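Each chain, written out:
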Amino acid sequence: METWDSERVLALASDGASAKAGQGLARAGKWSGSGVSGRAVWGLCQGSGKQPYQTAVDLTGPAFKCSCPSRKFPCKHALGLLLLWAGGEVRPGEEPEWVESWVGKRAERPERKPGEVADPLAAQERASRRADRVSAGMAELASWLDDQVRQGLGGFDQRAYTELSRLAARMVDAQAPGVAGAVRRAAGVVGRGHGWPGELLEELSLIHLIVAAHARMPDLPPALADTVQSRIGWTVETARVLADGEQVEDDWLVLGRVIEPDDRLTVRRVWLRGATTGRLGLILNFAAAGRPLDPLPARPGEYVPGVLSYYPGALPMRALLTQSAPRLPAPRPTGSTAHQALASYVESVAADPWNERWPLVLQDVRPARYGEGWALVDVEGEALELLPGIDPWKLLAVSAGDPITVAGEWNRAGFRPMTCWHADRPVLL
């Protein structure tokens, strides 16, 4: 049985709270009697009662069994056990009787297709209940936004933390974790620098746009509706992406990677570009805090032959990679000017107004001082400002005053370099 990665495990969570609770249980010290066979993983997790909870996952389903009283499937114990297994901390063993009996009974049932549920009516009812919660949350958020327009933002910094924290918590309760994250980002803008009211208005405008799009969901083109669902926080099962997603085969150049750790979860973004198709792709990986991420399919600056299966959306970027051959050396990629790069970003925002990041490859640029920070200046004298706090010295050392090729990640705050090339040799930044 192939070991899953943490991204695949966290995609099973019914909401953000379950995912976080599962990450908290992904520690070997919380489990006893754990093991994995060719078809299942199991373990005992000590809870508040005298007897530990019996937790098992049938990996062929997947299906979940736990003696805890939670009504969520999978519960936090199943998620924690799977994350522990994904981290390589569950050893192979013989199935105990309670696991063997349960999995055996399941094996006698007719096999289901990927993505097919055991009880479609129950699944439909759960989806309907969640849709009702999301709609109620969006209505409350729309009312709050209308109030801010009437009152104005003067003095908002004095009540921002309380109001936005309450709103973010309400969006979590409404099972709209994506919107909750947008509200938290808005909270982080308040009081940050002299121009924070303008930045806050921009964040609130994007939140208002997602609320308005949700209200018009039946009228939206299918691809845009998928994007809105994703931004709200609905997930697409991995099996469904692999079975139904757009598939593109190519030699994929690894442009670079960005790792963002925090107290609970480490996120890694890996950006790819097809050598023949020119298509862009984003591979997301997750790991519980303190756990290692999955190995990269190839080093930045190398090709990885394979097929990308894209998640649905108006701007297909996130994808799952099925590697078909070992990594290959790659030449220095071609790039664009600063003007061309920004034009491509504008096109991406036209397709997906909530797009936060965009991969760019800049050709023949030099690092130079830009006000109190740094920028990359092209041969036409146009520049892209680096994110505040980015250390420019490795770029300066590689460039030594000469033009270089740089791949990085652009967002509204600036450019984050990931990889640069000294002749044809990639240098990780």
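Below, the structure is looked at part by part. (Residues numbered from 1 in each chain as written. Predicted model: local features only at pLDDT ≥ 70, side-chain atom pairs only at ≥ 80, totals over all residues. Heavy atoms only, no water.)

**Points about the pattern of salt bridges**
Side chains bearing opposite charge may pair, as long as their charged atoms lie close to each other.
For step 1, the next point in the chain: Counted under the stated rule, the structure contains 16 salt bridges.
For step 2, the next point in the chain: Residue arginine 150 is joined to aspartate 147 by a salt bridge in which the shortest nitrogen-to-oxygen separation is 2.2 Å. Here arginine 150 pairs with aspartate 147, and both are found in helix 5 (residues 120-151), just 3 residues apart, close to one helical turn.
For step 3, the next point in the chain: Owing to a relative accessible area of 24%, aspartate 147 belongs among the partly exposed residues under this scheme.
For step 4, the next point in the chain: The shortest N-O distance in the salt bridge between aspartate 352 and arginine 231 comes to 2.6 Å. (Salt bridge = Lys/Arg side-chain N within 4 Å of Asp/Glu carboxyl O. Helix = DSSP H or I, 4+ residues; strand = E, 2+ residues; numbered from the N terminus. Buried < 20%, exposed > 50% of the residue type's maximum accessible area, 1.4 Å probe, protein only.)

**Section: helix 3 (residues 76-86)**
Along an α-helix, residues three or four apart share an orientation, since each turn contains 3.6 residues.
For step 1, the next point in the chain: Most of helix 3 sits out of view: 10 of its 11 residues are buried.
For step 2, the next point in the chain: Buried within helix 3 are the following residues: His77, Ala78, Leu79, Gly80, Leu81, Leu82, Leu83, Leu84, Trp85 and Ala86.
For step 3, the next point in the chain: Close packing links the buried residues of helix 3 with helix 1 (6-10), helix 2 (16-24), strand 1 (31-36), strand 2 (40-45), strand 3 (53-58) and strand 4 (63-66).
For step 4, the next point in the chain: With its phi angle positive at about 80 degrees, glycine 88 sits one or two positions after the end of helix 3. (Contact = heavy atoms within 4.5 Å.)

**Some points on the sheet that holds strand 14 (residues 404-411)**
For step 1, the next point in the chain: Reading across from one edge, 13-12-11-14-15-16 is the order of the 6 strands in this open sheet, with antiparallel pairing throughout. Of all the strands in the sheet, the pair left with one neighbour each is strand 13 (383-385) and strand 16 (425-428). The average undirected angle you get between the axes of adjacent strands in this sheet is 45 degrees.
For step 2, the next point in the chain: As paired elements, strand 14 and strand 15 (residues 414-422) share 7 bridges and run antiparallel to each other. Note on strand 15: the bridge partner recorded for valine 406 is cysteine 420.
For step 3, the next point in the chain: Running at roughly 135 degrees to strand 11 (residues 358-370), helix 11 (residues 338-351) makes contact with strand 11, strand 13 and strand 14 of the sheet. (Pairing = 2+ DSSP bridges. Axes fitted to C-alpha atoms, helices over the stretch in contact; angles between N-to-C directions.)

**Description of the nonpolar core**
For step 1, the next point in the chain: Membership of the largest hydrophobic core comes to 63 residues, with the highest contact counts inside it found for Val41 and Leu82.
For step 2, the next point in the chain: The dominant element in this core, judged by the number of residues it contributes, is helix 3, at 8 residues.
For step 3, the next point in the chain: Setting aside chain neighbours within four positions, we find leucine 82 in contact with Trp4, Val9, Leu12, Val41, Val57, Leu59 and Phe64.
For step 4, the next point in the chain: Counting 32 residues, the second-largest nonpolar core is a separate cluster that includes Val189, Ile207, Ala213 and Met217. (Core = buried A, V, L, I, M, F, W, Y, C linked by side-chain atoms within 4.5 Å.)

**Notes on the environment of arginine 8**
For step 1, the next point in the chain: Mapped onto the secondary structure, arginine 8 falls in helix 1.
For step 2, the next point in the chain: In sequence terms arginine 8 and glycine 88 are 80 residues apart; their C-alpha atoms lie 15 Å from each other.

**Quick look at the sheet that holds strand 1**
For step 1, the next point in the chain: Pairing is antiparallel across the open sheet formed by 4 strands, whose spatial order is 1-2-3-4. Looking at the sheet topology across the chains shown, the edges are occupied by strand 1 and strand 4. Put simply, the sheet's adjacent strands are angled 10 degrees from each other on average, direction ignored.
For step 2, the next point in the chain: The pairing of strand 1 with strand 2 spans 4 bridges and is antiparallel. Residue pairing in the sheet places serine 32 in a bridge with leucine 44 of strand 2.
For step 3, the next point in the chain: Running at roughly 35 degrees to strand 3, helix 4 (residues 97-107) makes contact with strand 2, strand 3 and strand 4 of the sheet.

**Observations regarding unusual backbone geometry**
For step 1, the next point in the chain: Positive phi, normally seen in glycine, also occurs at glutamine 175, with a value near 60 degrees.
For step 2, the next point in the chain: For glutamine 175, the position within the fold is in the loop between helix 6 (156-173) and helix 7 (177-189).

**Here we look at the packing of helix 6 against helix 7**
For step 1, the next point in the chain: Between helix 6 and helix 7, whose axes approach to 7 Å, the crossing angle comes to 170 degrees. Considered as vectors, helix 6 and helix 7 are oriented roughly antiparallel to each other. Contact residues: Leu164, Leu167, Ala168, Met171 and Val172 in helix 6; Pro177, Val179, Ala180, Val183, Arg184, Ala186 and Ala187 in helix 7.
For step 2, the next point in the chain: The class makeup of the residues in the contact of helix 6 with helix 7 is 11 nonpolar, no polar and 1 charged. (Parallel < 35°, antiparallel > 145°, perpendicular 65-115°, else oblique. Nonpolar A, V, L, I, M, F, W, Y, C, P; charged D, E, K, R; others polar.)

**Considerations on the side chain of aspartate 58**
For step 1, the next point in the chain: Turning to its location among the elements, aspartate 58 is positioned in strand 3.
For step 2, the next point in the chain: Aspartate 58 has contacts with Arg39, Ala40, Ala63, Trp102, Val103 and Arg106, leaving out every residue within four places of it along the chain.

**Some details on the pairing of strand 6 (residues 265-274)**
Regular strands have side chains that alternate between both faces of the sheet.
For step 1, the next point in the chain: Most of strand 6 is tucked away: 10 of the 10 residues are buried.
For step 2, the next point in the chain: Relative to strand 6, strand 5 (residues 247-261) runs antiparallel, the two being bridged by 9 bridges. Directly across from leucine 253, in strand 6, lies its bridge partner arginine 273.
For step 3, the next point in the chain: In the sheet, strand 6 pairs with strand 7 (residues 280-288) via 9 bridges, with the strands oriented antiparallel. By the bridge assignment, valine 270 is partnered in strand 7 with isoleucine 283.
For step 4, the next point in the chain: Between the end of strand 6 and the start of strand 7, which pair antiparallel, lie 5 residues, with glycine 278 showing a positive phi angle near 75 degrees.

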